[in-house]
Amino acid sequence: MGKRQSNVAQIHANIGKPKQAKQLMSTRRKKRALMISGVIAVVTFCLGFQLYGAKANLNQVNGQIHYEKINLKKQKTKAAELKQKNKLLKNEDYVKDLAHTKYGYSQKGETNYHLSSSK
C-alpha cells in the first residue's frame, strides 16, 4: 500500500523539524517580544507625560483658585466696610460730626480753635 495523505493539518510548522528551525523561531519570538515591549514602553511614556502635564495644570488652577478666594475674601470685607460707612453717612448727626472734626466746618455762631501740640 502506498502512502496515505493525512487529513489533519499540522498545528505548528516546526514540529518534527531539526533544532535549528526551532532556534530560528525562538529568535523571531525574542524580536517580536522586544518590539511589543518597545511599543508598550513608548505608549507608557506618552501617557505618563500627559498625566504629568495634567497634574501640573491642575496644580496651577488650584493655585489660582486659592488666590481668587483670598481676593474674594478681601473684597467682601471691603464691601462690608463700605456698607457700614454708607449706613453711617445716612445718619445726619454723624455727618455733622464728621464735617466738624475732619473738615473743620462749623455752624453759625461757632468759633473753631485749632490747638497744636508742640514739644
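Use the structure listed above.
Our subject in this report is the structure included herewith. The structure displayed is predicted, hence computed values, not measured ones. (Residues numbered from 1 in each chain as written. Predicted model: local features only at pLDDT ≥ 70, side-chain atom pairs only at ≥ 80, totals over all residues. Heavy atoms only, no water.)

Topic: the overall build of the protein chain
Condition: Secondary structure elements are taken from DSSP: a helix is a run of H or I of four residues or more, a strand is a run of E of two residues or more, and numbering for both begins at the N terminus. Working definition: with a 1.4 Å probe on protein chains only, accessible area under 20% of the residue-type maximum means buried, over 50% means exposed, and in between means partly exposed. Each accessible area value is a Shrake-Rupley result obtained with a 1.4 Å probe; residue values ignore everything except the protein chains displayed when judging cover.
When helices and strands are counted, the protein chain shows two helices and zero strands. For the protein chain, the proportion of its 119 residues judged to be buried stands at 2%. Taken as a whole, the protein chain presents about 12300 Å² of accessible surface, with 59% of it coming from carbon and sulfur.

Focus: helix H2 (residues 92-102)
Heads up, the condition is: Polar contact is defined as a pair of N or O atoms within 3.5 Å, subject to the rule that within protein one atom must be able to donate a hydrogen and the other to accept it, and that residues adjacent in sequence are counted only when both atoms are side-chain atoms.
Where H2 begins, the capping side chain belongs to Asn-91, and its oxygen is found 3.2 Å from the backbone nitrogen of Asp-93. Gly-104 sits one or two residues past H2 and shows a positive phi near 75°.

A few points about the packing of aromatic side chains
The following threshold applies: Centre distance within 6.5 Å is the pairing criterion for rings of Phe, Tyr and Trp, where only the six-membered ring of Trp is used; planes under 30 degrees apart are then read as stacked, over 60 as edge-to-face, and the remainder as tilted.
One pass over the structure, following the stated rule, counts one aromatic pair. Ring plane angle 20° and centroid distance 6.5 Å describe the contact between Phe-45 and Phe-49, whose orientation is recorded as stacked. Of this pair, Phe-45 and Phe-49 both sit in helix H1 (residues 19-89), four residues apart, which is roughly one turn of that helix. In this pair, the class of Phe-45 matches that of Phe-49, namely exposed.

Examining a nonpolar patch on the surface
Spelled out, the test is: Patches here are clusters of residues that have more than 30% relative accessible area and form no salt bridge, with a 9 Å joining cutoff for like charges and a 5 Å cutoff for nonpolar side chains (Val, Leu, Ile, Met, Phe, Trp, Tyr). When a carboxyl oxygen of Asp or Glu is within 4 Å of a side-chain nitrogen of Lys or Arg, the pair counts as a salt bridge.
Judged by side-chain polarity, Leu-88, Leu-89, Tyr-94 and Val-95 come together as a nonpolar surface patch covering roughly 300 Å² of accessible area. Taken together, the elements giving at least two residues each to the nonpolar patch come down to H1 and H2.

Read these as spatial facts, not as claims about activity.
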